[in-house]
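Below, each chain spelled out in residue letters.
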Amino acid sequence: MTTQFTDSQVNRLITALRHGQGLDVAAAELGLELREVWAGARTDTRLTIALAGRDPDAAEEKTRIAHASFLRLLALGVTPTRAELIALFISTVPQTRAA
């Protein structure tokens, strides 16, 4: 089962990482185990980017995210034309998460 974080948890974790706090300390302060963070990163793009040591809210990450979405769709067997349409739609619709 994949851990689903609230927006608040993800934002607090990313903020802690931006300020140089160690991942283990930041996760512990939120009451999370590292394995939960790793599991959550599989489905949360912003968290994955932060764990890679980059700022997920930086402008250059939008291009990287769109490209990764496109490649993921191709890997799942979607035709390139349809993958382009889906990736374009994904990049223009605000992502929401259940709290």
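It should be emphasised that the depicted structure is a prediction, and the values quoted were computed from it without experimental measurement.

Novice: Teacher, can you tell me more about the overall build of the protein here?
Specialist: Along the protein, the regular secondary structure elements total six helices and zero strands. In the protein, the order of α-helices and β-strands from amino to carboxyl end is α-α-α-α-α-α. Contacts in the protein between residues at least 24 apart in sequence constitute 42% of all its contacts with a sequence separation of at least 6. Surface exposure of the protein reaches about 6,800 Å², of which carbon and sulfur atoms provide 58%.

Novice: Can you help me understand the confidence of the model for the protein in this one?
Specialist: Do not read the predicted coordinates in detail wherever pLDDT is low. On average, residues of the protein score 86 in pLDDT, and 87% of them reach the 70 mark or higher. Summarising per-element confidence for the protein, the mean pLDDT is lowest in helix H6 (residues 80–92) (82) and highest in helix H2 (residues 23–29) (94).

Novice: Hey, could you run me through the environment of Ser69 in this one?
Specialist: Following the sequence through the fold, Ser69 ends up in helix H5 (residues 59–75). When the C-alpha positions of Ser69 and Ile86 are compared, they lie 8.7 Å apart, and in sequence the two are 17 residues distant.

Novice: Hey, could you run me through the side chain of Asp44 in this one?
Specialist: You can see Asp44 is positioned in the loop between helix H3 (34–41) and helix H4 (45–51). Given the relative accessible area of 7%, Asp44 is considered buried. In this structure the side chain of Asp44 is engaged in a polar contact, spanning 3.1 Å, whose partner is the backbone nitrogen of Arg46.

Novice: Got a minute to help me understand helix H1 (residues 7–18) in this structure?
Specialist: Each α-helix winds once per 3.6 residues, and so residues spaced three or four apart point in a common direction. The terminal C-alpha atoms of H1 lie 16 Å apart, and with 12 residues this matches the ideal 16 Å at 1.5 Å per residue to within 8%. Residues Val10, Leu13, Ile14 and Ala16 constitute the buried set of H1. An end-on view of H1 places all buried positions within 160° of arc, on one side of the element. On its buried face, H1 sits against H2, H3 and H4. Immediately beyond the C-terminal end of H1, within one or two residues, lies Gly20, with a positive phi of roughly 85°.

Cut-off values and rules
- Residues numbered from 1 in each chain as written.
- Predicted model: local features only at pLDDT ≥ 70, side-chain atom pairs only at ≥ 80, totals over all residues.
- Heavy atoms only, no water.
- Helix = DSSP H or I, 4+ residues; strand = E, 2+ residues; numbered from the N terminus.
- Contact = heavy atoms within 4.5 Å.
- Areas by Shrake-Rupley, 256 points an atom, 1.4 Å probe, with all protein chains shown as cover.
- pLDDT = per-residue confidence, 0-100.
- Buried < 20%, exposed > 50% of the residue type's maximum accessible area, 1.4 Å probe, protein only.
- Polar contact = N/O pair within 3.5 Å; in protein donor to acceptor, adjacent residues only side chain to side chain.
- Expected span 1.5 Å × (residues − 1).
- Arc of directions from axis to C-beta.

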